[in-house]
Amino acid sequence: DAGVIQSPRHEVTEMGQEVTLRCKPISGHNSLFWYRQTMMRGLELLIYFNNNVPIDDSGMPEDRFSAKMPNASFSTLKIQPSEPRDSAVYFCASSLDTYGYTFGSGTRLTVV
Amino acid sequence: SQKIEQNSEALNIQEGKTATLTCNYTNYSPAYLQWYRQDPGRGPVFLLLIRENEKEKRKERLKVTFDTTLKQSLFHITASQPADSATYLCSTNAGNNRKLIWGLGTSLAVNP
């Protein structure tokens, strides 16, 4: 298994531009999580899906952030418009059980 | 609300010694605590989970304890090796859902 696959690995964009991050979870996992990691705040859950349905999006910072999971093998996190304070590493993780999440390698986003 | 606190100071130890990392929670006793390892530029990797009713859990050179009186979990690496150098994260569930909260992690450096 290739694990959780995220793309791109790095993204540099100008303030105001739209950014789309992509994630392919592990086949058979029924839950998918989007996290943001910064030095100051650590890992913060943005949203999670169970069986492709968004369950908890209370961590999404504001309306500029949106996430979709059109099928069991693909999810996107979109930021529009992007701002410098969105600069962080964004992780996607998937799991079958309540614990033991498998994380992707992350997307390092820099908004200038 | 529940918070996870980990020692922010880096831990430096000599190869062969036992490394001990601390995770404290601030509020109610969680159903379980998880420990993950994170290497630079990578996503966290699940190591061990310990449940509230378990005092200790072992996996090869790793040992985790859970003390509900002290509101604390200790993570031990025996016979440490330079390859154990990484950041170690503690996490737990935030209520009756799959939302995890995370500590900021403790950086461990094992010197040869």
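Here the structure is shown first, and the text comes after it.
The present account deals with the structure reproduced in this document.

Rules of the game
- The numbers attached to residues start from 1 for each chain and follow its sequence in the written order.
- Chains and ligands are labelled sequentially in the order written, the chains with letters from A and the ligands with numbers from 1.
- Whole-chain, interface and lining totals are the exception, using all residues; otherwise, since this is a predicted model, local features are given only for residues with pLDDT of at least 70 and side-chain atom pairs are given and counted only at 80 or more.
- Note that the side-chain values use all heavy atoms of the structure and ignore hydrogens as well as water.
- In this scheme, strands are said to pair when DSSP sees at least two bridges between them.
- Comment: elements are numbered from the N terminus, with helices defined as DSSP H or I runs of at least four residues and strands as E runs of at least two.
- Contact between two residues is taken to exist if any of their heavy atoms lie within 4.5 Å; hydrogens are not considered.
- Here, a salt bridge means any Lys or Arg side-chain nitrogen found within 4 Å of an Asp or Glu carboxyl oxygen.
- Two N or O atoms form a polar contact when they lie within 3.5 Å of each other; inside protein one atom must be a possible hydrogen donor and the other a possible acceptor, and for residues adjacent in sequence the pair counts only when both atoms belong to side chains.
- Note that a disulfide, as used here, is simply two cysteine sulfur atoms within 2.5 Å.
- The axes are straight lines fitted to the C-alpha atoms, using for helices just the contacting stretch, and the angles between their N-to-C directions are given from 0 to 180°.

**Quick word on the pairing of strand 3 (residues 19-24) of chain A**
All names here are of chain A. In terms of strand pairing, strand 1 (residues 5-7) meets strand 3 through three bridges, oriented antiparallel. Bridge assignment links serine 7 to a residue of strand 3, and that residue is arginine 22. Relative to strand 8 (residues 74-79), strand 3 runs antiparallel, the two sharing five bridges. The residue bridging threonine 20 from the neighbouring strand is lysine 78, located in strand 8.

**Things to note about the interface of chain B and chain A**
Interface size is commonly expressed as the accessible area that is lost once the parts come together. Listed as interface residues are 18 residues of chain B and, on the opposing side, 27 residues of chain A. Across the chain B-chain A interface, the total number found is zero salt bridges. On the surface where chain B and chain A come into contact, there are six residue pairs in polar contact (both at pLDDT 80 or more). Contributions of two or more residues to the side of chain B that touches chain A are made by strand 4 (32-38), strand 5 (45-51) and strand 10 (100-102) of chain B.

**Remarks on the state of the cysteines**
All names here are of chain A. Scanning the model with the defined rule gives two disulfides over all chains in all. One disulfide bridge connects cysteine 23 with cysteine 92, the sulfur atoms lying 1.9 Å from each other. Linking cysteine 23 and cysteine 92, the disulfide has an S-S dihedral of approximately -65° and is accordingly described as left-handed. Here cysteine 92 lies in strand 9 (residues 88-95) and cysteine 23 lies in strand 3, a separation of 69 residues in the sequence.

**Regarding the sheet that holds strand 3 (residues 19-25) of chain B**
Residue and element names in this part refer to chain B. One open sheet accounts for five strands, arranged 1-3-8-7-6; its pairing is antiparallel. The two strands at the open ends of the sheet, each matched to only one other strand, are strand 1 (4-6) and strand 6 (56-59). Neighbour-to-neighbour, the strand axes of the sheet open up by a mean angle of 15°, direction not taken into account. By the bridge criterion, six bridges tie strand 7 (residues 62-67) to strand 8 (residues 72-77) in an arrangement that is antiparallel. Note that in strand 8 the partner of leucine 62 across the bridge is isoleucine 77.

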